Amino acid sequence: MPSSPTLWRLFNCGHQVVPAGRPYWFDNRAREPIGTVIFQMSIAGTIVYRDTHGEQTVPPGFGVLFVHGEPSAYGLLRGEHRAYENRWVSMIGAGLVDHIDALRNRYGSVFDLRGDKTVERDMRELAALGDPTKPISPTQLASAVHGFVMRLYERAERIHAAQQSPAERAVDQLLRQPMLGWSLKQVAAQYGCSREHLSRLFQHRVGRPPGQYIAQARLEHALQLLRDTDLP
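Residues numbered from 1 in each chain as written. Predicted model: local features only at pLDDT ≥ 70, side-chain atom pairs only at ≥ 80, totals over all residues. Heavy atoms only, no water.

A. Up close: the sheet that holds strand β5 (residues 54-58). Taking strand neighbours across the sheet as the criterion, the 4 strands line up as β2-β7-β4-β5 in an open arrangement whose pairing is antiparallel. Both outer strands of the open sheet, β2 (25-27) and β5, are each paired with one neighbouring strand and no more. Neighbour to neighbour, the strand axes of the sheet diverge by 15 degrees on average, direction disregarded. Direction of pairing for β2 relative to strand β7 (residues 73-75): antiparallel, over a ladder of 3 bridges. Residue F26 lies in a different strand from β7, and its bridge partner there is Y74. (Pairing = 2+ DSSP bridges. Helix = DSSP H or I, 4+ residues; strand = E, 2+ residues; numbered from the N terminus. Axes fitted to C-alpha atoms, helices over the stretch in contact; angles between N-to-C directions.)

Have a look at this one:
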């Protein structure tokens, strides 16, 4: 039974060794299928990744996330004479690019995965599930791809949170869950910062006071419930 084009699925995967001195450069604007998402992890050697935000290196232990059809490129610079080894997976499905864009808008396209041995293991397991000679349903494969992307989110969030101050983590909590019944004082106490500092940082990042933002978010939620449900 062919898989539905709307379900997330593994499009391709592989392990690659680029010999020293061989040209290796890809411009994603012209690559197809458009909307294919690729996660590539450097194992040995270093490539560069370029997009509209600039240029970054992707050394061993780092991964890069990009999409076919977007204005980005990656590969070895001229004059690089070391071999390059990587493992990659490509994925497609309805809404997948939106999830990837949300992930990259928050954490960037290049991920420091040094010390986390589970990433390469997850890529191997996903590749094994995508083997066309093995019996697996489209929904099982979609669930596995979804799990892989969500674990990338979780790893990026852990790294991001470790680099934040307590007040910055408190702001993120308020932005993620404005429906929580906590007061600003309770959120500040939970994260070990002052209410005043939390308010100043929130206004600096969001452009309005936290109380105003939360009240607006709750009002919009209530209006949505009135429109979409039969609740009184």
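B. Spatial organisation of the packing of helix α5 (residues 184-191) against helix α6 (residues 195-206). Where α5 contacts α6, the axes come no closer than 9 Å and their chain directions differ by 100 degrees. Accordingly, the angle class assigned to the pair α5 and α6 is roughly perpendicular. Taken together, the residues of α6 that come into contact with α5 (itself represented by L184, K185, V187 and A188) are R195, L198 and S199. (Parallel < 35°, antiparallel > 145°, perpendicular 65-115°, else oblique. Contact = heavy atoms within 4.5 Å.)

C. Structural context of the environment of R155. Along the chain, R155 turns up in helix α3 (residues 138-162). In this structure R155 comes out as buried when scored by relative accessible area, which is 6%. Measuring from C-alpha to C-alpha, the distance between R155 and F111 comes to 9.0 Å, with 44 residues separating the pair along the chain. Leave out the neighbours within four places in its chain, and R155 touches L113, D116, T118, V119 and D122. (Buried < 20%, exposed > 50% of the residue type's maximum accessible area, 1.4 Å probe, protein only.)

D. Representation of the pairing of strand β3 (residues 37-44) in the model. In terms of residue burial, β3 counts as a mostly covered element, since 6 of its 8 residues are buried. Sheet analysis places β3 next to strand β6 (residues 62-67), joined by 5 bridges and oriented antiparallel. In the strand pairing of β6, V37 is matched with V67.

E. The packing of aromatic side chains, seen in detail. Per the counting criterion, the structure on display carries 9 aromatic pairs. Their ring planes at 45 degrees and their centres at 5.6 Å tell us that Y24 and Y84 sit as a pair that is tilted. Highlighted residues: Y24 in the loop between β1 (9-18) and β2 and Y84 in strand β8 (residues 84-92), separated in sequence by 60 residues. You can call Y24 buried: its relative accessible area is 6%. Taking the relative accessible area as the measure of exposure, Y84 reaches 0% and is therefore buried. Put simply, the rings of Y24, F26, Y49, F66, Y74 and Y84 touch in pairs and so form one group of aromatic residues. (Phe/Tyr/Trp six-rings, centres within 6.5 Å; stacked < 30°, edge-to-face > 60°.)

F. Region of the structure containing α6. The end-to-end C-alpha distance of α6, which contains 12 residues, comes to 16 Å, matching closely the 16 Å that a straight helix rising 1.5 Å per residue would cover. Those residues of α6 that fall on the buried side of the exposure criterion are L198, S199, L201 and F202. Those residues of α6 that are buried lie in contact with α4 (166-176), α5 and α7 (210-228). G207 sits one or two residues past α6 and shows a positive phi near 95 degrees. (Expected span 1.5 Å × (residues − 1).)

G. Region of the structure containing α3. Its 25 residues give α3 an end-to-end C-alpha distance of 36 Å, which sits within 8% of 36 Å, the value for a rise of 1.5 Å per residue. Residues L141, A142, A144, V145, G147, F148, V149, L152, R155, A156 and A161 constitute the buried set of α3.

H. Highlighting the nonpolar core. If you look at the biggest cluster of nonpolar residues, it comprises 25 residues, and the most contacted ones within it are F39, M91, F111 and F148. Among the secondary structure elements, those contributing two or more residues to this core are β3, β6, β8, α1 (96-107), α2 (118-129) and α3. Per-element accounting of this core gives the leading share, 7 residues, to α3. Among all residues touching F39, those that are not within four sequence positions of it are G63, V64, L65, R87, W88, V89, F111, L113, V119, M123, F148 and L152. (Core = buried A, V, L, I, M, F, W, Y, C linked by side-chain atoms within 4.5 Å.)

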